[in-house]
Amino acid sequence: MSNNKTDIMSLELNAIADEMIALNEKKFRGIQIFEWLHQKDCFTWKGMNNLPKALIAKLEEYTYLTQIQLVTKQTSDHDGTTKFLFKLHDGQMIETVLMRYDYGNSVCISTQAGCRMGCTFCASGLNGLERNLTTGEMLRQVYAVESAIGKRITHVVLMGTGEPLDNYEAVVGFIKIITHEKGKNLSQRHITLSTCGLVDGIHRLAGEKLQINLAISLHAGDDELRKQTMPIAKKYSIDDLLTACEAYFTSTGRRITFEYALIAGHNDHPSQARALADLLRFRKFKCHVNLIPINNVVEKSFAKSNQKDVIRFRDILLDKKVETTIRRSLGTDIDAACGQLRLNTMKE
Ligand code: SAH
């Protein structure tokens, strides 16, 4: 934001402590500030009532705190899923979705404003990438939803607008802070990162030794088919992608999820289900396939597979002993498909 000012919300605890030293302050002030921001939901310097006035004056001069503003929200009559639209300091709009489950409250956050991956079925990338979000902007999405509903968020999915591995450092910073014991202390196992398959990023993530879940947007069982909807498939083959998944599994022991959005007449044929099963069944990692009847996007001309074809597709995978579920669609009445609320509001 403001030139040269330090973005404190995006800093890990050590980095805030270093900032205190740079400001000629005691290190422990860093812990106090971290707790105010990430545990006590205080987003103004003046509200941090255990900090000396002189420090607050310095913080106001040299640093800033990320702000986000709620523009609108829509709640599904069917299942209570709520979609939030937030505005950032520079006018960028981002979407965040709250899903309520028996096991807790899950938030789906955006990691970029827009996206440059260009998947043909997705509304998020229609206008390309505007910019990366900061760690602080990702955190504030979770904190804002938490305060809007007055309940703890227990799960986070990095599955909103943007490609998380295209904004690597900020995303890893987000994961470290949201799981920090002096912050919200979320379990790493309750976080899922979904990627269209940036192979280098997956290998790098494997090296972080985090316990987060990895979901791969596969959507096709062979390279030629995948290239038709996902430009990233021209850069990385499915073979390289699965090798990266194996590395991730070896280093974390976490089961890999493969997302497969079914488009009628495109990737839902029984032969394609068999190809997918053969691709995944004898791998050196545990995995799970999530079948998603694709959400229609008005700007795009494709249709969702019909229920009968979805079930047939699933049964072929199950027959070949590939663990598979059909994802339940939530919030179908509220611009639920990826990027749609943002897109529709921007059009207005
Ligand atoms: N860029 C990341 C995360 C954001 S997209 C990724 O590609 O995984 C989150 C998921 O929604 C991805 O699996 C994506 O392929 C899927 N998706 C995008 N458009 C969709 C649509 N119209 N219907 C169903 N799923 C869609």
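All of these numbers come straight from a predicted model, not from anything done at the bench. (Residues numbered from 1 in each chain as written. Predicted model: local features only at pLDDT ≥ 70, side-chain atom pairs only at ≥ 80, totals over all residues. Heavy atoms only, no water.)

## Brief notes about the site of the ligand
Put simply, the test is: A cutoff of 4 Å decides nearness: a residue is near a molecule or strand if any of its heavy atoms lies inside that distance of it. Any pair of nitrogen or oxygen atoms within 3.5 Å is treated as a polar contact; in protein, a donor-acceptor pairing is required on top of that, and neighbouring residues in sequence qualify only through side-chain atoms on both sides. For accessible areas, the Shrake-Rupley method is used with a probe of radius 1.4 Å. Any residue's cover is judged against the shown protein chains and nothing else. Each residue gets one of three labels, nonpolar for Ala, Val, Leu, Ile, Met, Phe, Trp, Tyr, Cys and Pro, charged for Asp, Glu, Lys and Arg, and polar for the others, Gly among them.
Taken together, the neighbourhood of the ligand is formed by 17 residues, with Gly162, Ser194, Ser217, His219 and Asn295 sitting nearest. Within the side chain of serine 194, one N or O atom sits 2.6 Å away from an oxygen atom of the ligand. Take glutamate 259: an N or O atom from its side chain is 3.2 Å from an oxygen atom of the ligand. For the ligand, whose free accessible area comes to 530 Å², the fraction covered by protein is 95%. Across the shell around the ligand, the residue classes break down as eight nonpolar, seven polar and two charged.

## Here's the deal with the domain arrangement of the chain
The condition is simple: Source of the domain bounds: an automatic or database domain assignment. Contacts: residue pairs with any heavy atoms within 4.5 Å of one another. Values labelled buried area give the accessible surface lost by two parts on being combined, using a 1.4 Å probe and summing over both. Salt bridges are defined by distance alone: a side-chain nitrogen of Lys or Arg within 4 Å of a carboxyl oxygen of Asp or Glu. Numbered from the N terminus, helices here are DSSP runs of H or I no shorter than four residues, and strands are runs of E no shorter than two.
Under the domain assignment, the chain is made up of domain 1 (6-64) and domain 2 (69-347). With centres defined by C-alpha atoms, the gap from domain 1 to domain 2 works out at 33 Å. Taken residue by residue, the interface counts 14 residues in domain 1 and 14 residues in domain 2. Both faces considered, domain 1 and domain 2 share a buried interface measuring about 1,200 Å² in area, 61% of it formed by carbon and sulfur atoms. Taken together, the connections running from domain 1 to domain 2 amount to one salt bridge. The partner of aspartate 41 in a salt bridge is lysine 184, with the nearest N and O atoms 3.1 Å apart. Put simply, domain 1 and domain 2 have six residue pairs in polar contact (both at pLDDT 80 or more) between them. At five residues, the largest contribution of residues to the side of domain 1 that touches domain 2 is made by helix 2 (residues 28-38). Of the residues assigned to the side of domain 1 that touches domain 2, the class counts are seven nonpolar, three polar and four charged.

## What about the sheet that holds strand 13 (residues 287-293)?
Within a sheet, each strand pairs with its neighbour through backbone hydrogen bonds, oriented either parallel or antiparallel. Put simply, the rule is: DSSP bridges decide pairing: two strands pair if at least two such bridges lie between them. Axis definition: a line fitted to C-alpha atoms, over the contacting stretch in the case of helices. Angles run 0 to 180 degrees between N-to-C directions.
Strand order across the open sheet formed by 10 strands is 3-4-5-6-9-10-11-12-13-14, with mixed pairing between neighbours. Taken across any chain shown, the strands that pair with only one partner, and hence form the sheet edges, are strand 3 (69-75) and strand 14 (324-326). Strand after strand, the sheet turns through a mean of 20° between neighbouring axes, direction not considered. Pairing of strand 5 (residues 93-101) with strand 6 (residues 104-108), which is carried by five bridges, proceeds in the antiparallel orientation. The residue of strand 6 that forms the bridge with methionine 99 is serine 106. Its contacts with the sheet place helix 4 (residues 135-149) against strand 4 (82-87), strand 5, strand 6 and strand 9 (155-158), and it is angled at close to 55° to strand 5.

## What to know about the environment of phenylalanine 28
What counts is decided by this rule: When a residue's accessible area, from a 1.4 Å probe over protein chains only, is under 20% of the maximum for its type it is buried; when over 50% it is exposed; and in between it is partly exposed.
Inspection of the secondary structure assignment puts phenylalanine 28 in helix 2. Exposure remark for phenylalanine 28: the relative accessible area of 40% places this residue in the partly exposed category. As for phenylalanine 28 and isoleucine 16, which are separated by 12 residues in sequence, their C-alpha atoms are 9.6 Å apart.

## A closer look at the packing of aromatic side chains
The cut-off we apply is this: Pairs were defined over the aromatic rings of Phe, Tyr and Trp, the Trp ring being its six-membered one, requiring ring centres within 6.5 Å. Orientation was assigned from the angle between planes: stacked under 30 degrees, edge-to-face over 60, tilted for the rest. The criterion is that NZ of a Lys, or CZ of an Arg, lies within 6 Å of the ring centre and within 35 degrees of the ring normal, and then a charge sits over that ring.
In total, this model carries five aromatic pairs according to the counting rule given. Aromatic pair phenylalanine 43 and tyrosine 143: ring centres 6.0 Å apart, planes at 10°, arrangement stacked. Taken as a pair, phenylalanine 43 in the loop between helix 2 and helix 3 (53-62) and tyrosine 143 in helix 4 lie far apart in primary sequence, 100 residues in all. The pair formed by phenylalanine 43 and tyrosine 143 is uniform in burial state, with each residue classed as buried. Here the aromatic rings of phenylalanine 84 and phenylalanine 86 are separated by 5.9 Å at their centres, their planes lie at 5°, and the arrangement is stacked. Like phenylalanine 84, the residue phenylalanine 86 is buried in the burial classification. Between arginine 140 and the ring centre of phenylalanine 43, over which it is positioned, the NZ or CZ distance is 3.7 Å. The ring of tyrosine 143 is capped by lysine 184, whose NZ or CZ atom sits 4.9 Å from the centre of that ring.

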